[in-house]
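# Reading the structure
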Amino acid sequence: MWRPTFTILRKVVFPSIKDNTTLAKLFYSTKSRLPRSTAKLTLISASVGVLVGAGYGGYTHYKINMKKPSTSVEYEEYAFLKEAPKYEAHCKIINDSDTSNLQLVLFQYQTCPFCCKVRAYLDARGISYEIVEVDAVLRQAIRWSEYKKVPILLAKVDGGYQQLLDSTAIISVLETYLRDNSYQLQDLIKFYPITHFVNDTGKATSDVTNKYFIMHNSVVPDEKQRIIEAEEREWRQWADQVLVHTLSPNVYRTASESLETFKWFEEAGGWKRTFPGWECAVMVYVGAAAMWVIAKRLKKRHNIKDDVRQSLYDAANDWMNVIQKKGTIFLGGKKPNLADISVYGILSSIEGCQAFQDLRDNTDIGKWFDNMKASMNRSRGKLMTA
């Protein structure tokens, strides 16, 4: 999940910029200062513009905490809306073979790895849905929600609209529903409560209980099925805890590579068609500069090797080794399972970056990725522009 955080600029970006002669001249020059009101607006715009990159697998995306919470505080219900919020869909995925009876709206950033996970799941299951590209600076598209992260999935249910949160939990809730739709979505989310707690470092955080589990309302699976499900959960966790953390240090490895990455984000997300030019410029240039700085800290935080590409390659090799050991096309066998979908979704978020091309050139993951894409293309619906 992506969430804006303004302390990044104050605690991380600006001090680092001061230490960098070139960037310091750009941001701290005493010449030609803007009028006070204009300077304030520019600073605010720059601050929130960073969130697109900052959220990309680092300081602002949802963090998996593998340790048990030290102090449980409260449980929070998912928001329920009696009326649909006002929104403008940017496109729709329509699948004439969809029998899910689900009416879904995905609020997203196009290149957010967690949003990509949710889209990959919906496409793999052949579900129709609408897409709303969230304005990364002003976030007008999700002003209706108290929850200020993406992805947010809004589902039409009896009596109103149910908000679903956290990419992993969204996938588990929907998969549970598709396997047994005798339960309504608003009933199923009770099995996935949001827990707020204080972790071992004293920081207030949250997690979704049971989010890697598919709930069964039938005969308890036999031993073979339990092993299969345990393996699927293990690699879904790996995707969230290991793989996603290798992305930012790689796609923002150098200043030029960071800028190239953000220009691809702009193209892939259709920012110029959707948002004002000044917002695009802020997101691309300020975001690229900020993430180039932040990526160095993410590298240390997540124990990424000095050669950041090697950490990315190692993750890909770990994934491919388990599939090759099974001797199957996918981890799920002949068809992708939820772990395949999660890994594919995360990697597809950097498909247009140099890091991804290097990944294909230096590991065996390319064939698996192409097989996944072909599978997605067969199952997903048709793209319809709004």
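### Comments concerning the sheet that holds strand β5 (residues 129-133)
Reading across the sheet, the seven strands line up as β2-β7-β6-β4-β5-β3-β10 and stay open at both edges, with mixed pairing between neighbours. With partners counted over all chains shown, the strands left at the sheet margins are β2 (80-81) and β10 (382-385), one partner each. Where strand β3 (residues 91-94) lies against β10, four bridges are found, and the strand directions are antiparallel. If you follow I94 over to β10, its bridge partner there is K382. Contacting β3, β4 (104-108), β5 and β6 (152-157), helix α5 (residues 113-124) crosses the sheet at an angle of about 155° to β4.

### Quick notes on unusual backbone geometry
With an omega of 5°, the peptide bond running from V150 to P151 counts as cis. Tracing the backbone through its elements, the reader meets P151 in the loop between β5 and β6. We note that N101 has phi near 65°; this positive angle belongs to a residue other than glycine. Within the element layout of this structure, N101 appears in the loop between β3 and β4. Take N101: its relative accessible area is 68%, and that puts it in the exposed class. Its identity as a non-glycine residue notwithstanding, N210 has a phi of 70°, on the positive side. Residue placement: N210 occurs in the loop between β9 (204-208) and α8 (223-241).

### With respect to the packing of aromatic side chains
All chains considered together, the criterion is met by twelve aromatic pairs. On the numbers, 5.9 Å between centres and 75° between planes, the contact of Y87 with F107 is edge-to-face. In this pair, Y87 sits in the loop between β2 and β3 while F107 sits in strand β4, placing the two residues 20 residues apart along the sequence. By relative accessible area, which is 31% here, Y87 ends up partly exposed. The exposure class of F107 is buried, given its relative accessible area of 0%. The interplanar angle of 65° and the centroid separation of 5.3 Å between the aromatic rings of F262 and F265 together place this pair among those described as edge-to-face. Pair noted here: F262 and F265 are both in helix α10 (residues 255-268), with a separation of three residues, about one helical turn. Summarising the burial analysis for this pair, F262 and F265 share the class buried. Here the aromatic cluster, defined as three or more aromatic residues joined through ring pairs, consists of W235, W238, W319 and W368.

### As for the pairing of β6
The element β6 is extensively covered by neighbouring structure, given that five of its six residues are classed as buried. Pairing geometry for β4 and β6, over four bridges, is antiparallel. Bridge pairing in β6 places V105 opposite L154. Pairing analysis gives six bridges linking β6 to strand β7 (residues 160-165), with the strands arranged antiparallel. Looking at the pairing, V157 lines up with G160 of β7. Between β6 and β7, which pair antiparallel one after the other, the connecting turn spans two residues, and G159 there sits at a positive phi close to 85°.

### With respect to the confidence of the model for the chain
Looking at the chain as a whole, the pLDDT averages 84, with 80% of positions reaching at least 70. For residues 2-75, every residue scores under 50 in pLDDT, and the model assigns this stretch 153 contacts once sequence neighbours within four places are set aside.

### What to know about the packing of helix α13 (residues 308-326) against helix α15 (residues 354-362)
One way to put it is that α13 packs onto α15 with a least axis distance of 10 Å and a crossing angle of 55°. In this view, α13 runs oblique relative to α15, as classed from their interaxial angle. Every pair of crossing elements has a handedness; the one defined by α13 and α15 is right-handed. For the pair formed by α13 and α15, the contact residues are R309, L312, Y313 and A316 on the first element and Q354, A355, D358, L359 and N362 on the second. Residue classes in the contact of α13 with α15 are distributed as five nonpolar, two polar and two charged.

### Observations concerning α8
In this model α8 runs 27 Å from its N-terminal to its C-terminal C-alpha over 19 residues, within 8% of the 27 Å that 1.5 Å per residue would give. Turning to α8, its buried residues are E229, E232, W235, R236, W238, A239 and D240. The inward-facing, buried residues of α8 contact α5, α6 (167-179), α13 and α14 (338-348).

### Describing the state of the cysteines
If you walk through the whole model with that rule in mind, you get zero disulfides. C116 takes part in no disulfide bond, and the closest cysteine sulfur to it belongs to C112, at a distance of 6.6 Å. Overall, C116 belongs to the buried group, its relative accessible area being 3%.

### With respect to the packing of α8 against α14
Closest axis-to-axis distance for the α8/α14 pair is 8 Å, and the angle between their directions is 15°. Judged by the inter-axis angle, α8 sits roughly parallel to α14. Like other packed secondary-structure pairs, α8 and α14 cross with a definite hand, here left-handed. Touching E232, W235, R236, W238, A239 and D240 of α8 are L338, A339, S342, V343 and I346, all from α14. Split by residue class, the contact of α8 with α14 holds seven nonpolar, one polar and three charged.

### Comments concerning the pairing of β3
A one-sided burial pattern is seen for β3, the buried positions being C91 and I93 and the unburied ones K92 and I94. Where β3 and β5 come together, three bridges link them in antiparallel fashion. Across the sheet, K92 pairs through a bridge with E130, a residue of β5.

Quick notes on the rules
Residues numbered from 1 in each chain as written. Predicted model: local features only at pLDDT ≥ 70, side-chain atom pairs only at ≥ 80, totals over all residues. Heavy atoms only, no water. Pairing = 2+ DSSP bridges. Helix = DSSP H or I, 4+ residues; strand = E, 2+ residues; numbered from the N terminus. Contact = heavy atoms within 4.5 Å. Axes fitted to C-alpha atoms, helices over the stretch in contact; angles between N-to-C directions. Buried < 20%, exposed > 50% of the residue type's maximum accessible area, 1.4 Å probe, protein only. Phe/Tyr/Trp six-rings, centres within 6.5 Å; stacked < 30°, edge-to-face > 60°. pLDDT = per-residue confidence, 0-100. Parallel < 35°, antiparallel > 145°, perpendicular 65-115°, else oblique. Left-handed = near helix turned anticlockwise from the far one by under 90°. Nonpolar A, V, L, I, M, F, W, Y, C, P; charged D, E, K, R; others polar. Expected span 1.5 Å × (residues − 1). Disulfide = S-S within 2.5 Å.

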